[in-house]
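Descriptive analysis of the structure
Each chain, written out:
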Amino acid sequence: MQNKPPKLTIFFLTVLSTVFFLHPINATIAPKKAEYFLNNVEDSPAFVNKVARYNLIILTPTQIYLHQNTIQNIKNINPTMIILAYVPSQSYNTQYWPNDPIFNKLQIQPEWWLRDKFGNVISTWPGIKNINLNSDWTEYYLQFVNNHIVGLPNVDGIFFDMVSPNISWANGGETDLDNDGIKDNPASADALWLNRTKNFLSRASIILKTKYIIMNGTSEPSVQSYTNGRMFENFPTPWEGDGSWSAVMNKIANGKKNNKNPSIIIINSNTNNTGRRDDYQNVRFGLGSAMLENEYYSFDHGDANHGQLWWYDEYNVDLGEPTGRVASDNGYADYRPDVWRRDFENGLAIVNSTDIVKSVALNGDYEKIRGTEDRAVNDGSIVSEISLNPFDGLLMLKIFSTLDDVLFTNGAFARFFRPNGERVRNGSFLFNDAYQGNDRLANIDLDQNGRKDNFLARAEFIQAWRDDGLPLFKEYPYSANYTGRTRVAIGDLNDDGLKEIAVAPSSGALPIKIYDAYGILSRNDWFPYGRKYKGGYSLAIGPSGAGGAGRIIVGAGIGREPTVSVYDNNYKLLKQWSAYEKIFRGGVNVALGDVDGDGQNEIIVGAGRGKEPIIKIFNEDGKEIYKSFTAYKTAALTGVEVRTADVDFDGIDDIVTLTE
């Protein structure tokens, strides 16, 4: 890289054959989290789970080679993760490589070293010797990388460090590229070096049979077409232009237009080797900047030690896909000091790149992240205007008016909790003014086409429309004359991606009915408590966990012991227990969801009428696994409806309570 000493770190560990039984995840869409990790890979479930949260990671080839089982476990959990193998382009590591299981095979010829006019080999970083990047080295080294590194299991691409367009910065300008015993003229040396760099990357694009070639070090326009992108280390990268935020951001925006597809840009900001991982403003500023261009972001110790797996509050949210272009308050066409923002499906990213505090109108209400670190900033408050410090950024969430993928009562007030009772987000009224109050609504993909369908339940019927507005079905479970209230649950019982709709009466000697995604009865009428039972039911349906068997959760209604019953999708009773004291007869409300991220769905229970809104969480065997909590304080003992949904977009279900 330009005007910066290169570095290389290689570590060793014993290969273990540990097998982890872990569940797949999908890393967030935005922010795109990267990690520049040149430290030891650990063969432990804890390490695997930490790494699998990222969208992209850079690892040394040695660690990939020595820990193939662990890397495979990471990929099993997060199949979309991009793994890049770290390869320096212009140096030999004298400290580690002679005993390295991969790089000890390198045979360096004397004419490949970068030397001064006296023939001394140049070292621009402790523990390395520099290479002069001539054509013989390029051909030999790239074939070596292709033969020994590209083919390592789960390697998606090569990350070339130390790519620079010039060389006059090295050794105080004392270089002799052609080994003629004469000090190079700086301008001539730089021109020759740029040609060698272009040749290296051009040949890499031909020789390396890999999906991605990413470089770290230069935005030189003439080399961009040979790579898929680059890292901007020490953001704002000081050797890019004048090192300002504006200069670097313009390099990012313009340079990637010339990169090969698929393009990857990584912004790496860090503590400048101070180790201050709690420099949250620095984290937010770099992360917000990356999100303006919808690119990858990493934050670590610094260029002296890329070996951390630090995690921040902002990493726990998923803002989804961008819904508009990056924009500045003053309407600039290119990056300049200003307030910049970009809107996403689930919120927005905003950056103040000026050196003064800015008061920013958001043009609507947004909710701050409810964090555990910088609580003064990420306090969960709802705001329409913010004061943003110089060189700071902020991620905010859109306010709920409806919920996706969950059935809610139109006009209900929703509250959101973690399983320990901690509030996740601010409560809000859910209302779609296209429907009547107290309608039960769901915006959910019933038919597995990747788009949301609309579902409506009223007393006498259930109805659904496709995403294009065409009707799917309209059914009357208990006749058009039914005047009671139905209880409805939607979920996948067959693990085929298609939803089933379960309907039960809230009272009366009527059966539970189960329809498929197209409104066709898919099972026989069912009386789980017998044909004489008239107390009604609450329902939840879905798999026991990721890819698990279908489960039907039945909560007893009024007049019966407060039992929760677990059935398989053939109506076979698997487990039954009382959620509250047995003398309570107000009924229980049930929901199903993975609220702790362990890959297994938990059963959420809310008390029925006659009790405070007490929430309990059980596993499928009826064991209460979290301490119960009260959703809110009230004198009216009306109970509480429960649902689950990922409302903070962290990939884990949250508990939703509904009050009508």
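Above: the structure in question.
Rules and cut-offs
Sequence positions are assigned chain by chain, starting from 1 and proceeding in written order. Only residues with pLDDT of at least 70 get local features here, since the model is predicted, and only at 80 or more are side-chain atom pairs given and counted; chain-wide, interface and lining totals rely on the full set of residues. Computation of side-chain values covers all heavy atoms of the structure but excludes hydrogens and water. Numbered from the N terminus, helices here are DSSP runs of H or I no shorter than four residues, and strands are runs of E no shorter than two. Any two residues whose heavy atoms approach within 4.5 Å are treated as being in contact. We get accessible surface area from the Shrake-Rupley algorithm with a probe of 1.4 Å; when it comes to residues, only the shown protein chains can shield them. When charges are counted, Lys and Arg contribute as positive and Asp and Glu as negative, whereas His and the chain ends are disregarded. We put the charge of a Lys on NZ, of an Arg on CZ, of an Asp on CG and of a Glu on CD. When two rings of Phe, Tyr or Trp (its six-membered ring) have centres within 6.5 Å they constitute a pair, described as stacked for plane angles under 30 degrees, edge-to-face for angles over 60, and tilted for the intermediate range. Lysine and arginine charges are scored as sitting over a ring when NZ or CZ, respectively, is within 6 Å of the ring centre and within 35 degrees of the ring normal. Between any two strands, pairing holds if DSSP finds at least two bridges. Interaxial angles span 0 to 180 degrees and are taken between N-to-C directions of axes, which are lines fitted to C-alpha atoms, for helices over the stretch in contact. The classification of residues rests on relative accessible area computed with a 1.4 Å probe and restricted to protein chains. Under 20% of the type maximum is buried, over 50% is exposed, and intermediate values are partly exposed. Each polar contact in these results corresponds to two N or O atoms within 3.5 Å; when the atoms are within protein, one needs to be able to donate a hydrogen and the other to accept it, and residues that are neighboring in sequence are counted only if both atoms are side-chain atoms. Here the expected span of a helix is defined as 1.5 Å times the quantity of residues minus one. Throughout this description, the term salt bridge denotes a Lys or Arg side-chain nitrogen within 4 Å of a carboxyl oxygen of Asp or Glu. Residues belong to a common nonpolar core when they are buried Ala, Val, Leu, Ile, Met, Phe, Trp, Tyr or Cys residues joined through side-chain atoms within 4.5 Å.

A few points about the overall build of the protein chain
- Within the protein chain, the regular secondary structure consists of 7 helices and 36 strands.
- In terms of its C-alpha atoms, the protein chain occupies a principal-axis envelope of roughly 100 × 55 × 45 Å.
- Sequence-distant contacts, at least 24 apart, represent 62% of the contacts inside the protein chain between residues at least 6 apart.
- For the protein chain, the accessible area works out to roughly 25900 Å², and carbon and sulfur atoms hold 47% of it.
- Of note, the protein chain has its 65 positive side-chain charges centred 5 Å away from the centre of its 79 negative side-chain charges.

Section: the packing of aromatic side chains
- Scanning all chains against the criterion turns up 36 aromatic pairs.
- Centroid distance tryptophan 245 to tyrosine 335: 5.4 Å. Interplanar angle 90°. Geometry classified as edge-to-face. A residue pair is termed long-range when its members are at least 10 positions apart, and tryptophan 245 in helix H6 (residues 245-255) and tyrosine 335 in the loop between strand E11 (327-328) and strand E12 (339-344) qualify at 90 residues.
- Following the ring pairs from residue to residue traces out a cluster consisting of Tyr54, Tyr280, Phe299, Trp310, Trp311, Tyr312 and Tyr315.
- Taking the ring centre of tyrosine 632 as reference, the NZ or CZ of arginine 415 above it sits at 4.1 Å.
- The aromatic ring of tyrosine 529 is capped on one face by arginine 560, whose charged end is 3.7 Å from the ring centroid.

Section: the sheet that holds strand E23 (residues 471-475)
- Spatial ordering of the open sheet is given by E17-E20-E21-E22-E23, a layout of 5 strands whose pairing is antiparallel. The sheet is open, and its two borders are formed by strand E17 (408-409) and E23, each paired with just one other strand.
- Bridge count for strand E20 (residues 440-444) against strand E21 (residues 453-457) is 5 bridges, and the pairing is antiparallel. Pairing of asparagine 443 across the sheet is with asparagine 454, part of E21.

So, unusual backbone geometry
- Residue proline 236 follows phenylalanine 235 across a cis peptide bond; omega there is -5°.
- Position of proline 236 relative to the elements: it lies in the loop between strand E8 (229-233) and H6.
- At the junction of asparagine 261 and proline 262, the peptide bond is cis and its omega measures out at 0° in the coordinates.
- Within the fold, proline 262 resides in the loop between H6 and strand E9 (264-270).
- The backbone of asparagine 363 shows a phi angle near 60°, a positive value even though the residue is not glycine.
- Among the structural elements, asparagine 363 can be located in strand E14 (residues 358-368).

Thoughts on the sheet that holds strand E6 (residues 157-161)
- Here 8 strands make up a closed barrel; going around it, the order is E1-E2-E3-E6-E7-E8-E9-E10 and the pairing parallel. The sheet shows a mean angle of 25° between the axes of neighbouring strands, taken without regard to direction.
- Of the pairings in the sheet, the one linking strand E3 (residues 82-88) to E6 comprises 5 bridges and is parallel in character. Within E6, the residue paired with leucine 84 across the bridge is glycine 157.
- Sheet strands in contact with helix H7 (residues 280-292) are E9 and strand E10 (296-300), and its direction is about 165° off that of E10.

Let's talk about the pairing of strand E19 (residues 423-429)
- Relative to E19, strand E18 (residues 413-417) is paired through 4 bridges, and the arrangement is antiparallel. Bridge assignment links phenylalanine 416 to a residue of E19, and that residue is arginine 425.
- Between E18 and E19, which follow one another and run antiparallel, lie 5 residues, and glycine 421 among them has a positive phi close to 90°.

Some remarks on the environment of arginine 451
- Counting through the fold element by element, arginine 451 comes out in the loop between E20 and E21.
- The exposure class assigned to arginine 451 is partly exposed, which follows from its relative accessible area of 47%.
- Separated by 199 residues in the primary sequence, arginine 451 and aspartate 650 place their C-alpha atoms 21 Å from one another.
- In contact with arginine 451, other than residues within four places in its own chain, are Asp445 and Asp467.
- There is a polar contact of 2.9 Å between the side chain of arginine 451 and the side chain of aspartate 467.

Side note on H7
- Under the 1.5 Å per step criterion, the end-to-end length of H7 is 18 Å for 13 residues, consistent within 8% with the ideal 18 Å.
- Where burial is concerned, most of H7 is hidden: 12 out of the 13 residues are buried.
- Looking at the buried positions of H7, the neighbouring elements they touch are H6, E9, E10, E12, strand E13 (347-352) and strand E16 (392-398).
- Backbone geometry just downstream of H7 places asparagine 294 in the positive-phi region, at approximately 55°.

Brief notes about the environment of leucine 142
- Within the element layout of this structure, leucine 142 appears in helix H4 (residues 135-148).
- Sequence-wise, leucine 142 and leucine 208 are 66 residues apart; in three dimensions their C-alpha atoms are separated by 7.1 Å.
- Those residues in contact with leucine 142 that sit more than four places away from it in its chain are Trp137, Phe160, Phe200, Arg203, Ala204, Ile207 and Leu208.

Let's talk about H4
- Helix length check: H4, at 14 residues, gives a terminal C-alpha distance of 20 Å against a target of 20 Å (1.5 Å per residue), a fit within 8%.
- Within H4, the full set of buried residues consists of Trp137, Thr138, Tyr141, Leu142, Phe144, Val145 and Asn146.
- Those residues of H4 that are buried are in contact with E3, E6 and helix H5 (186-207).
- Capping the start of H4 is the job of one residue whose side-chain oxygen sits 3.2 Å from the backbone nitrogen of aspartate 136: asparagine 134.

Brief notes about the pattern of salt bridges
- Going through the model one piece at a time under the given rule, you end up with 25 salt bridges.
- Salt-bridge contacts for aspartate 405 lead to lysine 452; the nearest nitrogen and oxygen are separated by 2.6 Å. Taken as a pair, aspartate 405 in the loop between E16 and E17 and lysine 452 in the loop between E20 and E21 lie far apart in primary sequence, 47 residues in all.
- Residue classification places aspartate 405 among the partly exposed residues on the basis of a relative accessible area of 42%.
- Counted as one network, the salt bridges with shared partners bring together Lys256, Glu293 and Glu295.

A look at the nonpolar core
- Grouped together as the largest cluster of nonpolar side chains are 89 residues, with contacts concentrated most on Tyr141, Ile149, Ile158, Phe160, Leu208 and Trp245.
- For this core, the element with the most residues is H7, which contributes 7 residues.
- If we ignore the near neighbours within four places in the chain, the residues touching isoleucine 149 are Pro61, Ala85, Val87, Ile102, Phe103, Phe144, Val155 and Ile158.
- One finds Ile444, Ala457, Ile462 and Leu472 within the second-largest nonpolar core, a separate group that totals 18 residues.

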